[in-house]
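For reference, the chains in residue letters:
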There are 2 protein chains.
Amino acid sequence: MIDWADRAWPGAVKPEWFAGQSEGRLAKPLGITQFGVNLVTLAPGAYSALRHWHAAEDEFVHVLSGELVLIDDHGEHVLTAGSSAGFPAGVANGHHLVNRSEAPATFLAVGSRRPGDEVVTYLDDEVGVVRK
Amino acid sequence: MIDWADRAWPGAVKPEWFAGQSEGRLAKPLGITQFGVNLVTLAPGAYSALRHWHAAEDEFVHVLSGELVLIDDHGEHVLTAGSSAGFPAGVANGHHLVNRSEAPATFLAVGSRRPGDEVVTYLDDEVGVVRK
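Residues numbered from 1 in each chain as written. Chains lettered and ligands numbered in written order. Predicted model: local features only at pLDDT ≥ 70, side-chain atom pairs only at ≥ 80, totals over all residues. Heavy atoms only, no water.

(A) Layout of the sheet that holds strand β2 (residues 35-42) of chain B. All names here are of chain B. Sheet architecture is open: five strands sit in the order β1-β2-β9-β4-β7, paired in antiparallel fashion. Edge positions in the open sheet fall to β1 (21-25) and β7 (84-87), since each of these has one partner strand only. Each strand of the sheet is rotated relative to its neighbour by a mean of 20°, with strand direction disregarded. Note that strand β4 (residues 59-65) and β7 share four bridges and pair antiparallel. Looking across to β7, one finds that valine 61 is bridged to alanine 85. (Pairing = 2+ DSSP bridges. Helix = DSSP H or I, 4+ residues; strand = E, 2+ residues; numbered from the N terminus. Axes fitted to C-alpha atoms, helices over the stretch in contact; angles between N-to-C directions.)

(B) Quick peek at the nonpolar core. By size, the foremost hydrophobic cluster in this structure holds 16 residues, and its most contacted members are Val37 of chain A together with Val37 of chain B. Put simply, the parts of the chain that give this core at least two residues each are β2 (35-42) and β9 (105-112) of chain A together with β2 and β9 (105-112) of chain B. When neighbours within four sequence positions are excluded, valine 37 of chain A is seen to be in contact with Gly24, Arg25, Leu26, Ala27, Leu108, Ala109 and Val110 of chain A together with Phe60 of chain B. (Core = buried A, V, L, I, M, F, W, Y, C linked by side-chain atoms within 4.5 Å. Buried < 20%, exposed > 50% of the residue type's maximum accessible area, 1.4 Å probe, protein only. Contact = heavy atoms within 4.5 Å.)

(C) Spotlight on the packing of aromatic side chains. Residue and element names in this part refer to chain A. All chains considered together, the criterion is met by four aromatic pairs over all chains. Pairing tryptophan 17 with tyrosine 47 gives two aromatic rings, centres 4.6 Å apart and planes at 20°, and the pair type is stacked. With tryptophan 17 in helix α1 (residues 16-19) and tyrosine 47 in the loop between β2 and β3 (52-54), this pair connects stretches of sequence that are 30 residues apart. The exposure class of tyrosine 47 is buried, given its relative accessible area of 18%. One aromatic cluster is present, built from ring pairs that chain together Trp17, Phe18 and Tyr47. (Phe/Tyr/Trp six-rings, centres within 6.5 Å; stacked < 30°, edge-to-face > 60°.)

(D) Geometry of the interface of chain A and chain B. Counting residues at the interface gives 27 residues for chain A and 27 residues for chain B. In total, chain A and chain B occlude about 1,900 Å² of area from one another, counting both sides; carbon and sulfur atoms represent 70% of this. Counting every contact that joins chain A to chain B gives zero salt bridges. Linking chain A with chain B are eight residue pairs in polar contact (both at pLDDT 80 or more), by the criterion used here. At the level of elements, β2, β4 (59-65), β7 (84-87) and β9 of chain A are the ones that each hand at least two residues to the side of chain A that touches chain B. Partitioning the side of chain A that touches chain B into residue classes produces 15 nonpolar, eight polar and four charged. (Buried area = accessible area lost by both parts, 1.4 Å probe. Salt bridge = Lys/Arg side-chain N within 4 Å of Asp/Glu carboxyl O. Polar contact = N/O pair within 3.5 Å; in protein donor to acceptor, adjacent residues only side chain to side chain. Nonpolar A, V, L, I, M, F, W, Y, C, P; charged D, E, K, R; others polar.)

(E) Quick peek at the relation of the copies chain A and chain B. After a rotation of 180° and a shift along the axis of 0.0 Å, chain A superposes on chain B with an RMSD of 0.0 Å. Expressed as an axis order, the relation between the two copies is that of a two-fold axis. (Least-squares fit on C-alpha atoms with pLDDT ≥ 70 in both.)

(F) Inspection of the environment of tryptophan 53 of chain B at higher detail. Residue and element names in this part refer to chain B. Examined against the element boundaries, tryptophan 53 turns out to sit in strand β3 (residues 52-54). In the structure, tryptophan 53 is positioned 70 residues away from leucine 123 in sequence and 8.6 Å away in space, judged by C-alpha atoms. With residues up to four places along the chain from it excluded, the contact list for tryptophan 53 reads Gly90, Val91, Ala92, Asn93, Gly94, His95, Val119, Val120, Thr121 and Leu123.

(G) Looking closely at the pattern of salt bridges. One pass over the full model with this rule turns up four salt bridges over all chains. Put simply, arginine 51 of chain A and aspartate 73 of chain A hold a salt bridge, and the shortest N to O gap is 2.8 Å. Of this pair, arginine 51 of chain A sits in the loop between β2 and β3 while aspartate 73 of chain A is found in the loop between β5 (67-72) and β6 (75-80), placing the two residues 22 residues apart along the sequence. Residue arginine 51 of chain A is classed as buried on the basis of its relative accessible area, which comes to 13%. Note that glutamate 76 of chain B and arginine 100 of chain B form a salt bridge whose closest N and O atoms lie 2.6 Å from each other.

Shape is all these values report; function is a separate question.
Shown next as structure tokens:
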């Protein structure tokens, strides 16, 4: 757990990036354990996560409504309703989604569950590597 | 592969059940191998699949538009946009989706990929058990 309030250095992680993010777990309550499915809403200005990549778990997103900007090592990519993006396990392509529009945007995020094998590597801040 | 045209016994599998089903793979072209994500459209009258359950693979569906009827061992359940349903691996609850409305309906289907471990058991017909 990161205490955002203690991390106020210039240019680094800012708590307000995540204030407009809300997430609901759809698959876990239904007994699904091999992958997770989250329904995520980003308010204008909000970020999905710190920019990161997964060592062991595949990750996939599908935009349901609104407009989002995917930022990864290849640049910036606009995603609209019906767009998908995938991040295969072990590919060191740090990524996250940002809502730069004036309206909320929603997407489904699917990720496999490989606790024990998984390492998440974060970029652009001092969080570094997190094992889970 | 089943030759539907040869299977015309009363009450069994009918080819027209699937004529209105179209499916696009979203995750595979993006390099995702640990799970599959299919965008499925069912025309009025179409079925998602024969009623079945998976031995090794979790399965999850999320309705994007329209109205579908989930048929499983517990009966019939109407699903509308935003509804989810989950089918954990190894639970012998035969299920499928049917579009009984007058308009097309779309859903995302997520399934883990465990070739070698997987056995699909079909109900309501003579297909029986299929290993993959």
